[in-house]
Amino acid sequence: MCGIVGYVGHREVTDFLVEGLHRLEYRGYDSAGVAVMQPDGLIAVRKKAGRVEALAGALESQPAGGSVGIGHTRWATHGPANDINAHPHVGGQGEVVLVHNGVIENYSQLRAQLQGLGYVFKSATDTEVVAHLVAHHLEEQVKLGGTIDDNKTYLRAVEASLRKLKGTYGLAILFRERPDMIIAARNGSPLVVGVGDNEHYIASDPSPLVGYTDQVVFLADHEIAVLTADRLDLRHRDTGRLSPSVQTLNQVSTEIEKGDFEHYMLKEIFEQPQTIENAMRGRFDEDEATAKFGGLNLTPQQLRRIDRIVLTACGTSWHAALVGEYLIEEFARVPVEVEYASELRYRNPPLSDRTAVFAITQSGETADTLAAMRECKRKGLPSLAICNTVGSTIAREADGGVYLHAGPEIGVASTKAFTSQVTVLALLALYFGRMRHLSFQAGKRLIGHLKAMPEVVSRTLECHESVKEVAQRYHEATNFLYLGRLYNFPVALEGALKLKEISYIHAEGYPAAEMKHGPIALIDEHTPSVFVVPRSGVYDKVISNMEEIRARKGPIIAIACEEDDNVAALADHVITVPSVDDYLQPIVTSIPLQLLAYEIALLRGCNVDRPRNLAKSVTVE
Ligand code: M6R
């Protein structure tokens, strides 16, 4: 995980670096640091355990002015989160300073070899190995006759080092003897170069560049970029020099500001009427009562041949996939399997050439989802993605796919991405259904329901006040159970995940009927159960499950439709939501659960947008 920024040009670099690190904090926030070229020819390194705020404080008491520098915000993999393990790391005697995102799998062998050569390690990180390795190869290059003012000397040292690394990296490297240059390299961890006016930027994703430049070059694996203020040289490990393909970003800076909201998570929850609308915009074909997609890149013949769909994802996206399974099987009658990407990548399931694999991901950078997609691609299957982040690795590597258009999701807890994913999956169910046996009338009906969702979701958000009351009552509980059936089973899983990740309360999601096969043993008067029980085909069954909890004195919080007397009679607290057909309920019922997790986390004094131990994009295995 971790976030990287870098700059070479004419600006005061620490301002950009610190602001950029703030924007990348979603990728990790165990520690932060910067390295800046100094007029005296040295590289100043400032680093601090904790959030970027702590680094900003350190820079106030000990400034490091300059116009070339790199920065890093860390999600710890090797070694605890402390000042020493914070990046940047120094190689040799200070001639190389670098930041790294990724994992070096063979670091212990390399460390032993470098120690044998006399290199002294200060940290417990895998990254320091890369710093010393580059310093070592730089020395070798100089011995071979390379001069310190020739770019090739540095490039060769970096290339020789990279050849020895096993694992993943996004690297930004400073060299003491070349105060006008940064070398960046990528394998498995994303990097984007920003092209400005006599200046260049480097970052893990485009968010730090917003407001500075909209001209970007996404690096691919095994590419190396040599950046000076006025030049960008791009090389590929195997093919040599490349000409950079510059793209224009269309992100606007307001999308990554909190506006009037206290937290990104709350802002993103309240954006959902709009983001659901965005997910559907231009995707209805009213004449044919179906959906249309610009980027699937498969012919109607190829799409009609598909007789099995695999949805692969992690975390919240995996929960959306479970909803997708129900939707696609109901409307298109195509068998669907949902696979954790972390399992799929190492399994060898039978996959025929009539199977389509969809990777579902908000960030487009999740390491397991990327690896699962690549594995399926290697086996010759069309790889498709449902992705939010334009230009992300998965979006670029997929053969085709559908964007969510939800805008940047900054809060670590995924909210608007989930409802957008479900919306897109409903559109796909309609599309595949109409290619098979779904009738024109049924297609029309589904379109009508989908079109109503932005307004329905606006009304759903009115539950916020009653959610606050429930949160006030239960924020000190230590265990929660979330229960739902059919379309609301994935919602129960998602509600439990939201609560766990931002409030640190243990929570389990279960299909409501499964509860009596074990979890019911947890029930007592201190363990609330959250029932997701809107009117549906299994409503009576869920009511019976509520009775079972009530008989054991478990407090019940119900997410139910307005004016539901049965639920009101059984539950201690009812949070009401508008009534919609079963298959669109996840878009509605997930919202009070997002708000409940948010309000409970607030009352417990947790950092809602940056929960402990987590990062927004999980770019390591
Ligand atoms: O970016 P992705 O959708 O691939 O991320 C997958 C999970 O890491 C993510 O959904 C995670 O579970 C969220 N923090 C949950 O809120």
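Computed from a prediction, not measured in an experiment: that's the story for all the values here.

Caption draft 1: Here's a closer look at the overall build of the chain. Along the chain, the regular secondary structure elements total 19 helices and 27 strands. Computed over C-alpha atoms, the radius of gyration of the chain comes to 26 Å, within 12% of the 25 Å expected from 2.2 N^0.38 for 621 residues, which places it in the range of a compact globule. Seen through its principal axes, the chain has C-alpha atoms that stretch 80 × 55 × 40 Å. Sequence separation of at least 24 residues holds for 71% of the intrachain contacts in the chain that already meet a minimum separation of 6. In the structure as shown, the chain presents an accessible area of about 23,400 Å², 48% of it carried by carbon and sulfur atoms. If the 62 positive side-chain charges of the chain are averaged to one point and the 78 negative ones to another, these points end up 5 Å apart.

Caption draft 2: Broad picture of the site of the ligand. Residues in contact with the ligand amount to 15 residues; listed here are only the nearest, S317, T361, S363, T366 and E501. In the environment of the ligand, an oxygen atom lies 3.0 Å from a nitrogen or oxygen atom belonging to the side chain of K498. Relative to its unbound accessible surface of 410 Å², the ligand loses 91% to contact with the protein. Elements represented by at least two residues in the shell around the ligand include exactly α9 (315-332) and α16 (489-503). In terms of residue class, the shell around the ligand is built from five nonpolar, eight polar and two charged. Each of domain 2 (258-451) and domain 3 (462-621) accounts for three or more of the residues forming the shell around the ligand.

Caption draft 3: Summary view of the sheet that holds strand β21 (residues 383-387). On the basis of which strands lie adjacent, the open sheet formed by five strands has the order β19-β18-β20-β21-β22 and parallel pairing. In the strand order of this sheet, the two ends are held by β19 (336-340) and β22 (400-403), each with one partner. Taking each pair of neighbouring strands and ignoring which way they run, the sheet shows an average axis angle of 20°. Taken together, the four bridges between β21 and β22 define a ladder with parallel strand orientation. Residue pairing across strands places I386 opposite V402, the latter belonging to β22. Where helix α11 (residues 367-378) meets the sheet, its contacts fall on β18 (308-313), β20 (355-361) and β21, and the angle it forms with β20 comes to roughly 165°. Docked against the sheet, helix α13 (residues 416-435) engages β18, β20, β21 and β22, running at close to 160° with respect to β20.

Caption draft 4: Spotlight on the pattern of salt bridges. Going through the model one piece at a time under the given rule, you end up with 32 salt bridges. With a shortest N-O distance of 4.0 Å, D307 and R354 are connected by a salt bridge. Linking D307 in the loop between α8 (300-305) and β18 with R354 in the loop between α10 (341-344) and β20, this pair joins segments that are 47 residues apart in sequence. Classification of D307 as partly exposed rests on a relative accessible area of 36%. One salt bridge connects K498 with E494, and the closest N-O pair in it is separated by 2.5 Å. Here E494 and K498 lie together in helix α16, a separation of four residues that amounts to about one turn. Residue classification places K498 among the buried positions, given a relative accessible area of 1%. You can call E494 buried: its relative accessible area is 3%. Bridged by salt links that share partners, the residues R186, D221, R374 and E397 form one connected network.

Caption draft 5: How the structure looks around the sheet that holds strand β11 (residues 215-218). The sheet built from eight strands is open, its strands ordered β3-β2-β4-β1-β10-β9-β11-β15 with antiparallel pairing. The two strands at the open ends of the sheet, each matched to only one other strand, are β3 (43-49) and β15 (247-248). When strand β1 (residues 3-8) meets strand β10 (residues 200-203), the two strands line up antiparallel, connected through four bridges. Of the residues in β10, the one forming a bridge with V8 is H200. Contacts from helix α1 (residues 13-24) reach β1, β2 (31-37), β4 (68-74) and β10 within the one sheet, and its direction differs from that of β1 by about 160°. Its contacts with the sheet place helix α2 (residues 52-61) against β2, β3 and β4, and it is angled at close to 135° to β3.

Caption draft 6: Molecular detail of unusual backbone geometry. Here the residue pair H87 and P88 is connected by a cis peptide bond, since its omega of 0° sits within 30 degrees of zero. Relative to the elements of secondary structure, P88 occurs in the loop between β4 and β5 (89-91). The backbone of L486 sits at a positive phi, close to 50°, despite the residue not being glycine. Within the secondary structure, L486 is located in the loop between β23 (479-484) and α16. Overall, L486 belongs to the partly exposed group, its relative accessible area being 48%.

Caption draft 7: Region of interest: the nonpolar core. Core analysis: the biggest nonpolar cluster contains 97 residues, and L327, F358, F480 and Y482 have the highest contact counts within it. Residue contributions to this core peak at 13 residues, all from α13. When residues are assigned to domains, this core turns out to be shared by domain 2 (258-451) and domain 3 (462-621), each giving three or more. Excluding anything up to four places from it in sequence, Y482 contacts A492, G495, A496, L499, A507, E508, G509, Y510, V530, L593 and L596. Formed by 29 residues, the second largest nonpolar core is a distinct cluster that contains A131, L162, L171 and I173.

Calculation notes
- Residues numbered from 1 in each chain as written.
- Predicted model: local features only at pLDDT ≥ 70, side-chain atom pairs only at ≥ 80, totals over all residues.
- Heavy atoms only, no water.
- Helix = DSSP H or I, 4+ residues; strand = E, 2+ residues; numbered from the N terminus.
- Rg over C-alpha atoms; globule rule 2.2 N^0.38 Å.
- Contact = heavy atoms within 4.5 Å.
- Areas by Shrake-Rupley, 256 points an atom, 1.4 Å probe, with all protein chains shown as cover.
- Lys, Arg positive; Asp, Glu negative; His and termini not counted.
- Charge placed at Lys NZ, Arg CZ, Asp CG, Glu CD.
- Near = heavy atom within 4 Å.
- Polar contact = N/O pair within 3.5 Å; in protein donor to acceptor, adjacent residues only side chain to side chain.
- Nonpolar A, V, L, I, M, F, W, Y, C, P; charged D, E, K, R; others polar.
- Domains from an automatic or database assignment.
- Pairing = 2+ DSSP bridges.
- Axes fitted to C-alpha atoms, helices over the stretch in contact; angles between N-to-C directions.
- Salt bridge = Lys/Arg side-chain N within 4 Å of Asp/Glu carboxyl O.
- Buried < 20%, exposed > 50% of the residue type's maximum accessible area, 1.4 Å probe, protein only.
- Core = buried A, V, L, I, M, F, W, Y, C linked by side-chain atoms within 4.5 Å.

Remember that the coordinates give geometry; whether it matters functionally is a separate question.
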